[in-house]
Amino acid sequence: MPFELNHISFHYAARKVIDDVSLVLEPGKFYGIIGPNGSGKTTMLDLLARHRLPDHGNIFYLGSPLASFSKKALSRKIALVPQNFYINFPFSVKEIVMMGRYPHMPRFAAPSSDDLDILQEVMQLTEITEFAERYITELSGGERQRVVFARALAQDTPVLILDEATSNLDINFSINLLNIAAQRVKTKENTVVAVMQDINLAAGYCDYLIFMSAGKIAAHGATRTVLTPETLRTVFNIEARVYHESYSQSLQVVFKK
């Protein structure tokens, strides 16, 4: 199992944001985490990426405690595309993407030919080659998001964690990046865990959905079984209809005004 979460909880000061969550995430699946603002979605990803440690409970990765991995060893296993990426130093786009290869490179070593090949491949996939020499500080929010996504792909990890990774992108680039992630799940049996706000995009790409509410898991399971009007009413307090769309070959949601 890539991840096993056993009764984990997490607080910000006195406020509990993750409340006794237990969950197993299997390899080779695309997981979507959905829920209202403040429900604990981003904190859940921070715990999976070990950017934060649970106050209670344990998280295991590949059968070992997540806390037992060194930072470098973990960065060869898990890549994160954060919701926000701030950097004030004018690194070039190419330099930022190459940072994704650092966990695989000996200290002080120059990039190998394999590193450079991966760099070119992910830059082409994310369509950022044309501004490879530009400074990250000169880019728009959407362009910067694609660079950060490319950096995560360059890490070449079996787990990819996406925190609203398409929030600054237009629909064309959103679909392109989600297609890349889904293809890695299919061909490499990677595990993708993504916080998503667009329920229809989540329905189209995710094998499994995890609905969160007030720090707890309100519902989870295969998308085709857990994405229901009842779940949406319970989690979001909205009325909606869920149906199978033949054009996209996925469930889709329409909302009542």
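Keep in mind that this is a model prediction, so the values were computed, not measured. (Residues numbered from 1 in each chain as written. Predicted model: local features only at pLDDT ≥ 70, side-chain atom pairs only at ≥ 80, totals over all residues. Heavy atoms only, no water.)

Caption draft 1: Seen up close, the overall build of the protein. Scanning the protein from N- to C-terminus turns up nine helices and 12 strands. The C-alpha radius of gyration of the protein comes to 19 Å, within 12% of the 18 Å expected for a compact globule of 257 residues. Based on the C-alpha atoms only, the size of the protein along its principal axes is roughly 55 × 45 × 35 Å. In the protein, once contacts between residues fewer than 6 apart in sequence are set aside, the share between residues at least 24 apart is 65%. For the protein, the accessible surface area stands at approximately 13000 Å², while carbon and sulfur atoms represent 50% of it. Between the centroid of the 26 positive side chains of the protein and the centroid of its 26 negative side chains there is a distance of 4 Å. (Helix = DSSP H or I, 4+ residues; strand = E, 2+ residues; numbered from the N terminus. Rg over C-alpha atoms; globule rule 2.2 N^0.38 Å. Contact = heavy atoms within 4.5 Å. Areas by Shrake-Rupley, 256 points an atom, 1.4 Å probe, with all protein chains shown as cover. Lys, Arg positive; Asp, Glu negative; His and termini not counted. Charge placed at Lys NZ, Arg CZ, Asp CG, Glu CD.)

Caption draft 2: The nonpolar core, seen in detail. Membership of the largest hydrophobic core comes to 55 residues, with the highest contact counts inside it found for Val-97 and Leu-160. The greatest single-element share of this core, amounting to seven residues, is contributed by helix α5 (residues 141-154). If we skip the residues at most four places from it in the chain, Val-97 touches Leu-119, Val-122, Met-123, Ile-128, Val-147, Ala-150, Arg-151 and Ala-154. Within the second largest apolar cluster, 30 residues are counted, among which are Met-44, Ile-59, Ala-73 and Ile-210. (Core = buried A, V, L, I, M, F, W, Y, C linked by side-chain atoms within 4.5 Å. Buried < 20%, exposed > 50% of the residue type's maximum accessible area, 1.4 Å probe, protein only.)

Caption draft 3: A look at the sheet that holds strand β4 (residues 56-61). Pairing is antiparallel across the open sheet formed by four strands, whose spatial order is β2-β1-β4-β5. Strand pairing shows two members of the sheet lacking a second neighbour, β2 (15-25) and β5 (64-65), which therefore form its edges. (Pairing = 2+ DSSP bridges.)

Caption draft 4: Structural context of empty space enclosed by the protein. Following the criterion strictly, the structure yields one cavity of 30 Å³ or more and no others. Of the voids in this model, the largest cavity is the one considered here, and its volume is about 50 Å³. Forming the boundary of the largest cavity are Ala-79, Ala-152, Leu-153, Asp-156, Thr-157, Val-159, Leu-160, Arg-184, Asn-190 and Val-192. Only α5 and β7 (159-163) provide two or more residues apiece to the lining of the largest cavity. Of the residues belonging to the lining of the largest cavity, the class tally is six nonpolar, two polar and two charged. (1 Å grid on protein atoms, 1.4 Å probe; cavity = no way out; pocket = protein on both sides within 12 Å on 5 of 7 lines; lining within 4 Å. Points joined across faces, edges and corners; volume = space filled by probe spheres on them. Nonpolar A, V, L, I, M, F, W, Y, C, P; charged D, E, K, R; others polar.)

Caption draft 5: Molecular detail of the sheet that holds strand β6 (residues 78-81). One open sheet accounts for six strands, arranged β6-β7-β8-β3-β9-β10; its pairing is mixed. Each edge of the open sheet is held by one strand with a lone partner, namely β6 and β10 (216-222). The mean angle between the axes of side-by-side strands here comes to 15°, regardless of whether they run parallel or antiparallel. Both β7 and strand β8 (residues 191-195) contribute to a ladder of five bridges, which runs parallel. Its bridge partner lying in β8, Leu-162 is registered against Ala-194. Along the sheet, α5 makes contact with β6 and β7, crossing β6 at roughly 180°. Sitting on the sheet, helix α6 (residues 171-188) touches β3 (30-34), β7 and β8, and the angle it makes with β3 is about 130°. (Axes fitted to C-alpha atoms, helices over the stretch in contact; angles between N-to-C directions.)

Caption draft 6: Region of the structure containing the environment of Ile-128. Within the element layout of this structure, Ile-128 appears in the loop between α4 (113-125) and α5. The exposure class assigned to Ile-128 is buried, which follows from its relative accessible area of 0%. Sequence-wise, Ile-128 and Arg-146 are 18 residues apart; in three dimensions their C-alpha atoms are separated by 7.2 Å.

Caption draft 7: Examining α5 more closely. An ideal rise of 1.5 Å per residue puts 20 Å on 14 residues; α5 measures up with 20 Å between its terminal C-alpha atoms. Within α5, 13 of the 14 residues are buried, leaving the element largely enclosed by the surrounding structure. Looking one or two residues beyond α5, the residue adopting positive phi is Asp-156, at roughly 55°. (Expected span 1.5 Å × (residues − 1).)

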